[in-house]
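# Architecture and fold: a report
What follows is the residue order along each chain.
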Amino acid sequence: MMAEQGRHLLAQQGPAASVRRISGLVLRYWYVIRSSWPRTAELIYWPLVQMIMWGFLQKHLAQTTSLAGKAAGIFIGGVLLWDILVRSQLGFSTTFLEEVWSRNLGHLMMSPLRAWEMGVALMVVSLVKLSVAMLPVMILANVFFGFNAFSLGVAFAIFFANLVMMSWALGFVAVGAVIRWGLGAESLAWLIVFVLLPLVCVYYPLSTLPGWLQPVALALPPTHVFEGLRSLVLEGRFDGQAMVIAFALNFVYLTAGFWVFHHLLEVARRAGSLVQMGE
Amino acid sequence: MQRAMGAALLAAVGVIHQSERCLPTTRRKIFHSMPEHAGTGGELSPAIEVRDLRKVYGGVVAVGGISFALMPGTITALLGGNGAGKTTTIAMLMGLVVATSGTVRVLGADMARHRHHVLHRVNFESPYADIPMRLTVRENLDVFGRIYGVKDLSQRIGEVARELRLTELLDRPYGKLSAGQKTRVSLAKALINQPEVLLLDEPTASLDPDTADWVRSTIEAYARDRRATVVLASHNMAEVERLAGRVIMLERGHIIADESPQALIARYGRRNLEETFLAITRRRDDDSLVAAAREDER
């Protein structure tokens with residue numbers, strides 16, 4: 001039997017308590033974003049540069065090749081969707097790194113915050129950072145190059161959801177590695193997503209990959225998203241079945257990602273690495 | 001009947017701890033004879049109960065099977081040189097490190113399995129864990145207050161700021177404060193939830209004597225007014241002598257002394273705790289050197 005809770009504290013069990021703790025942590029990251037305009041500018045900088053570069057390339061190709069002229073929006077669309085995956089994963093992982101850099105992790109790990117609540121807070125903040133980074137870039141893509149991602153309608157929302165889910169799965173693995181191995185694993189948080197770049201067919205169709213590599217690519221949800229974008233832009237066809245497969249795969253990856261994070265956290269508790277990280 | 005006997009035994013442990021006259025071996029015998037759930041939730045339950053706690057890192061014993069019980073409203077100091085096992089013990093008390101074997105119960109909860117049942121009633125302060133630099137003092141207290149589920153949070157932030165003389169600093173970023181001001185903010189964070197168990201790791205490290213004295217008075221007053229159980233890890237023997245009613249001295253992960261500072265000083269015939277600490281650690285070092293030399297001779 002646990003001793004009774006102090007009267008000066010709110011209830012600690014149940015959904016309301018979890019929401020309160022999650023919102024507390026989200027607020028902590030919001031205060032950081034709000035306090036530093038260079039950080040906000042940094043969020044927008046790279047997606048903007050990418051979009052402009054690929055936008056001009058697309059313009060040039062449209063003037064010189066018939067395929068690119070027909071497929072206006074493929075490159076810019078690919079770049080924007082790829083950046084959603086990258087920015088969301090980086091938003092998730094670097095938000096956690098803030099705790100390691102500021103040596104605040106010990107305070108959180110010894111607080112009533114649960115591991116899954118920290119995970120949800122990181123997801124929410126990655127969405128906030130993604131919105132800050134991508135909304136201005138999408139608007140500028142429409143203004144400069146006439147590519148309106150929102151004109152893709154529901155398909156865009158489905159693409160977006162799939163990419164964000166995959167980014168969270170990768171984020172959980174990266175964060176778990178940092179918890180277990182400390183800042184020696186920090187580069188994983190920055191680079192893990194790029195291992196997917198050659199495999200998920202961002203700029204070329206699946207058929208370009210050698211036959212033996214195609215099943216590997218199809219086991220990755222973003223491949224279905226980028227293939228879906230091409231079939232939508234080139235053929236005006238939305239492949240619902242591919243999206244169902246992508247969601248199912250994402251469910252598996254997200255569950256596995258959280259398991260890895262949770263497992264590495266428990267290993268870190270046994271190894272004492274959380275104490276060393278605090279020092 | 002069994003409960004009454006358990007309560008009587010616990011009362012005995014409590015009295016012994018308060019009178020601080022008992023030798024560690026005797027205390028351990030009494031402790032081990034306690035029923036498994038004796039006094040849980042009752043007035044006389046220990047706030048912290050450690051049994052045969054052991055932590056081994058890759059073959060290196062950091063904590064080698066220690067046992068102690070701390071009653072509510074007491075201040076206990078964990079002493080020992082670098083690498084004695086103080087930080088590992090505190091980390092296990094908070095559930096940050098999982099023990100290799102043995103148990104830690106805080107406010108009745110097994111910290112290996114049910115730490116989330118009590119972590120909102122516990123807090124800690126350490127110079128080795130910073131709080132976010134970019135956030136203002138108010139924002140930091142707001143965040144931790146929400147995580148700990150503090151009622152009437154704005155009011156509580158105002159109260160704790162007044163108690164720790166932080167009102168003028170509330171809207172300044174934590175990173176721009178002096179070392180003394182940062183310590184007061186860390187203490188405010190540790191007290192935001194009015195914890196029943198407070199763990200303090202070097203609470204006055206790097207403070208000037210005036211601020212350090214003020215911090216000690218604050219800790220003393222908090223423990224007295226709230227009947228909080230305070231565990232203090234410190235290298236400052238004057239601080240320990242002033243604050244702690246009991247000293248648990250660790251060396252290489254083992255308890256080598258467990259009594260009141262006054263009893264310990266008297267037993268070793270020294271003038272103060274600093275001299276006593278040096279006498280104990282140096283004598284043991286000498287003993288170890290002699291033993292090693294004899295081993296070499298053989």
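Just above sits the structure.
For clarity, every value in this text was computed on a predicted model and none was experimentally measured. (Residues numbered from 1 in each chain as written. Chains lettered and ligands numbered in written order. Predicted model: local features only at pLDDT ≥ 70, side-chain atom pairs only at ≥ 80, totals over all residues.)

### Some details on the overall build of chain B
Scanning chain B from N- to C-terminus turns up 10 helices and 10 strands. The burial tally for chain B puts 48% of its 298 residues in the buried class. A separation threshold of at least 6 residues defines the contact pool for chain B, and within that pool the share at least 24 residues apart is 67%. (Helix = DSSP H or I, 4+ residues; strand = E, 2+ residues; numbered from the N terminus. Buried ≥ 20, exposed ≤ 12 C-beta atoms within 10 Å, placed from the backbone. Contact = placed C-beta atoms within 7 Å.)

### Structural notes on the overall build of chain A
Helix and strand counts for chain A stand at 12 helices and 0 strands. Helices (α) and strands (β) of chain A occur, in sequence order from the N terminus, as α-α-α-α-α-α-α-α-α-α-α-α. Against the compact-globule benchmark of 19 Å for 279 residues, chain A has a radius of gyration of 21 Å, which places it among compact chains. Expressed as lengths along the three principal axes of its C-alpha atoms, the size of chain A is roughly 75 × 45 × 35 Å. The 279 residues of chain A split such that 44% are buried. (Rg over C-alpha atoms; globule rule 2.2 N^0.38 Å.)

### Regarding the interface of chain A and chain B
On the side of chain B, 40 residues touch chain A, which itself brings 39 residues to the contact. Elements with a contribution of two residues or more to the side of chain A that touches chain B: helix H1 (15–35), helix H5 (105–109), helix H11 (240–271) and helix H12 (273–278) of chain A. Considering every element that reaches the side of chain A that touches chain B, the biggest residue donor is H1 of chain A, with 11 residues. Each residue belonging to the side of chain A that touches chain B can be placed in one class, and the counts come to 16 nonpolar, 15 polar and 8 charged. (Nonpolar A, V, L, I, M, F, W, Y, C, P; charged D, E, K, R; others polar.)

### Brief notes about the sheet that holds strand S4 (residues 101–106) of chain B
Residues and elements named next belong to chain B. If you walk across this open sheet you meet the 4 strands as S2-S1-S4-S5, and the pairing is antiparallel. The open sheet has two free edges, formed respectively by strand S2 (60–70) and strand S5 (109–110), since each of these has just one partner strand. Note: strand S1 (residues 48–57) against S4, 5 bridges, orientation antiparallel. By the bridge assignment, Val 50 is partnered in S4 with Val 104. Packed onto the sheet, helix H3 (residues 86–93) meets S1, S2 and S4 and runs at close to 120° relative to S1. (Pairing = 2+ DSSP bridges. Axes fitted to C-alpha atoms, helices over the stretch in contact; angles between N-to-C directions.)

### Structural notes on unusual backbone geometry
Unusually for a residue other than glycine, Arg 103 of chain A sits at a positive phi of about 55°. By the secondary structure assignment, Arg 103 of chain A is in the loop between helix H4 (74–101) and H5. In the Ramachandran plot, Asp 152 of chain B falls in the positive-phi region, its phi being about 45° despite a non-glycine side chain. Checked against the element boundaries, Asp 152 of chain B lands in the loop between helix H4 (137–148) and helix H5 (153–163).

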